[in-house]
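Working through the structure, step by step
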Amino acid sequence: METGGFLRDAAEVPPGPPVLQTLVAEVYGPDYAEQIAIAREIERLFEEIPGVVDVDSHIEADQPLLRFCFDQEKAARNGISAAQVSQVVEIAEKGASAGLLHVDAEREDVLIPVRLPIGQRAQSGEQRPIPVCVGERCVPLGEVTRIEADVGEKSICHKNQLPVVYVTGDVAGAEESPVYAILKLN
């Protein structure tokens, strides 16, 4: 099937590893957003055919991304550098070592980690009263940064150096041969 420069075809992939599923539709085209729309339509078609089960696609769901944006003007007024803010954010999120603790009962020294509890790491920076200190002066992190909500980048599958979206399905029931499902699709 061809639709507006997009090639849609349902075929049985030859057996042998690696096998995605029994039924695989590959959607190619010049516009990735249109490929996704067509893949969703094929997914719907797969689900309507009796005997086709476990329908799925290789379209990633949106993943929220929070981006800390450094406000240079506010930070300069408070005498805070970007490196200091970056260090505070890194310690809060990833943690850092505060040193080693010697315990007589242990064979080796014990690392002392400093990190926010997981409940506080899940909150946005504007809700966390983390101080950024320069000398005696401390400023809340939210005063020199702002949080921008975005969507993270998604993986794009490629085959023969072309972007492709896979729609997969399996067969079950009275007609377990993929040939019958492919004939119904076409």
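Above this note sits the structure.
Quick caveat, the model's predicted, so the values are computed rather than measured.

1. A look at the state of the cysteines
- All told, the structure shown has one disulfide when counted by the stated rule.
- In this model, C133 is linked to C138 through a disulfide, with the two sulfur atoms separated by 2.0 Å. Handedness of the C133-C138 disulfide follows from its S-S torsion of about 105°: it is right-handed.
- C133 sits in the partly exposed class, given a relative accessible area of 38%.
- Residue class for C138 comes out partly exposed when judged on its relative accessible area of 44%.

2. With respect to the side chain of E43
- Looking at where E43 falls in the secondary structure, it is placed in helix α1 (residues 32-48).
- Look at E43: it is buried, it has no salt bridge, and the nearest opposite charge is R40 at 4.2 Å.
- In this structure, E43 is in contact with V55, D56, S57 and V167, ignoring residues within four places of it in sequence.

Thresholds applied
- Residues numbered from 1 in each chain as written.
- Predicted model: local features only at pLDDT ≥ 70, side-chain atom pairs only at ≥ 80, totals over all residues.
- Heavy atoms only, no water.
- Disulfide = S-S within 2.5 Å.
- Buried < 20%, exposed > 50% of the residue type's maximum accessible area, 1.4 Å probe, protein only.
- Helix = DSSP H or I, 4+ residues; strand = E, 2+ residues; numbered from the N terminus.
- Lys, Arg positive; Asp, Glu negative; His and termini not counted.
- Salt bridge = Lys/Arg side-chain N within 4 Å of Asp/Glu carboxyl O.
- Contact = heavy atoms within 4.5 Å.

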